[in-house]
Amino acid sequence: MLFLVVALLLLGFALGTVAHAPLSFTLVAAAVIGVWLAVFAVRERGRRHRHQH
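Residues numbered from 1 in each chain as written. Predicted model: local features only at pLDDT ≥ 70, side-chain atom pairs only at ≥ 80, totals over all residues. Heavy atoms only, no water.

K.L.:
An account of the overall build of the protein chain is needed here, citing residue identities and associated values.
P.N.:
The helix and strand inventory of the protein chain stands at 2 helices and 0 strands. Its C-alpha atoms give the protein chain a radius of gyration of 16 Å, more than 25% over the compact-globule value 10 Å for 53 residues. Structurally, the protein chain occupies a C-alpha span of about 50 × 35 × 5 Å along its principal axes. Of all 53 residues assigned to the protein chain, the portion counted as buried reaches 4%. Carbon and sulfur atoms make up 77% of the accessible area of the protein chain, which totals about 5100 Å². (Helix = DSSP H or I, 4+ residues; strand = E, 2+ residues; numbered from the N terminus. Rg over C-alpha atoms; globule rule 2.2 N^0.38 Å. Buried < 20%, exposed > 50% of the residue type's maximum accessible area, 1.4 Å probe, protein only. Areas by Shrake-Rupley, 256 points an atom, 1.4 Å probe, with all protein chains shown as cover.)

Structure, rendered in C-alpha coordinates:
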(Lines give C-alpha, C1' and ligand atoms only; values in the text may rest on other atoms or scores of the structure.)
Protein backbone atom coordinates (compact mmCIF):
# COMPACT_ATOMS: atom_id res chain seq x y z
CA MET A 1 0.00 0.00 0.00
CA LEU A 2 2.85 2.37 0.80
CA PHE A 3 4.36 1.61 -2.61
CA LEU A 4 1.10 2.65 -4.28
CA VAL A 5 0.99 5.93 -2.36
CA VAL A 6 4.61 6.73 -3.27
CA ALA A 7 3.99 5.83 -6.92
CA LEU A 8 0.96 8.11 -7.08
CA LEU A 9 2.89 10.97 -5.45
CA LEU A 10 5.72 10.58 -7.95
CA LEU A 11 3.23 10.46 -10.82
CA GLY A 12 1.59 13.65 -9.61
CA PHE A 13 4.97 15.34 -9.30
CA ALA A 14 5.97 14.23 -12.82
CA LEU A 15 2.70 15.42 -14.34
CA GLY A 16 3.05 18.75 -12.58
CA THR A 17 6.57 19.11 -13.93
CA VAL A 18 5.48 18.23 -17.46
CA ALA A 19 2.72 20.84 -17.32
CA HIS A 20 5.36 23.57 -16.86
CA ALA A 21 7.92 22.17 -19.30
CA PRO A 22 8.09 23.28 -22.92
CA LEU A 23 6.27 21.04 -25.42
CA SER A 24 9.49 20.10 -27.24
CA PHE A 25 11.11 18.91 -24.01
CA THR A 26 8.01 16.91 -23.11
CA LEU A 27 7.96 15.19 -26.51
CA VAL A 28 11.67 14.35 -26.35
CA ALA A 29 11.33 12.98 -22.82
CA ALA A 30 8.30 10.92 -23.85
CA ALA A 31 10.21 9.50 -26.83
CA VAL A 32 13.21 8.58 -24.65
CA ILE A 33 10.98 6.85 -22.10
CA GLY A 34 9.11 5.04 -24.88
CA VAL A 35 12.33 3.74 -26.43
CA TRP A 36 13.60 2.67 -23.01
CA LEU A 37 10.38 0.75 -22.33
CA ALA A 38 10.48 -0.87 -25.78
CA VAL A 39 14.09 -2.01 -25.28
CA PHE A 40 13.21 -3.37 -21.84
CA ALA A 41 10.19 -5.26 -23.26
CA VAL A 42 12.25 -6.81 -26.06
CA ARG A 43 14.99 -7.88 -23.64
CA GLU A 44 12.47 -9.39 -21.21
CA ARG A 45 10.65 -11.20 -24.01
CA GLY A 46 13.93 -12.66 -25.27
CA ARG A 47 15.01 -13.64 -21.76
CA ARG A 48 11.67 -15.30 -21.02
CA HIS A 49 11.65 -17.05 -24.41
CA ARG A 50 15.14 -18.52 -23.81
CA HIS A 51 14.21 -19.87 -20.36
CA GLN A 52 11.19 -21.77 -21.67
CA HIS A 53 13.26 -24.05 -23.92
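K.L.:
Explain the environment of Val35 to me, using residue names and the numbers behind them.
P.N.:
Summarising the element assignment, Val35 is placed in helix 2 (residues 23-52). On the basis of relative accessible area, Val35 is assigned to the exposed category, the value being 53%. Spatially, the C-alpha atoms of Val35 and Phe25 are 15 Å apart, while their sequence positions differ by 10 residues.

K.L.:
Give a detailed account of a nonpolar patch on the surface, specifying residues and quantitative values.
P.N.:
There is a patch of nonpolar side chains on the surface, built from Met1, Leu2, Leu4, Val5, Val6, Leu8, Leu9, Leu10, Leu11 and Leu15 and spanning about 1100 Å² of accessible area. Along the chain, Leu10 falls in helix 1 (residues 2-20). (Patch = residues over 30% accessible without salt bridge, like charges linked within 9 Å, V, L, I, M, F, W, Y side chains within 5 Å. Salt bridge = Lys/Arg side-chain N within 4 Å of Asp/Glu carboxyl O.)

K.L.:
Summarise the environment of Phe3; cite the residues concerned and give the values.
P.N.:
For Phe3, the position within the fold is in helix 1. Look at Phe3 and you get exposed, because its relative accessible area is 70%. Taking the C-alpha atoms as reference points, Phe3 and Arg45, separated by 42 residues in sequence, lie 26 Å from one another.

K.L.:
Hey, could you go over the pattern of salt bridges for me, with residue numbers and the actual values?
P.N.:
With the rule as written, the count across this model stands at 1 salt bridge. For Glu44, the salt bridge is made with Arg47, and the minimal N-O distance between the two is 2.8 Å. Of this pair, Glu44 and Arg47 both sit in helix 2, 3 residues apart, roughly one helical turn. Glu44 gets classed as partly exposed once you look at its relative accessible area, which sits at 22%.

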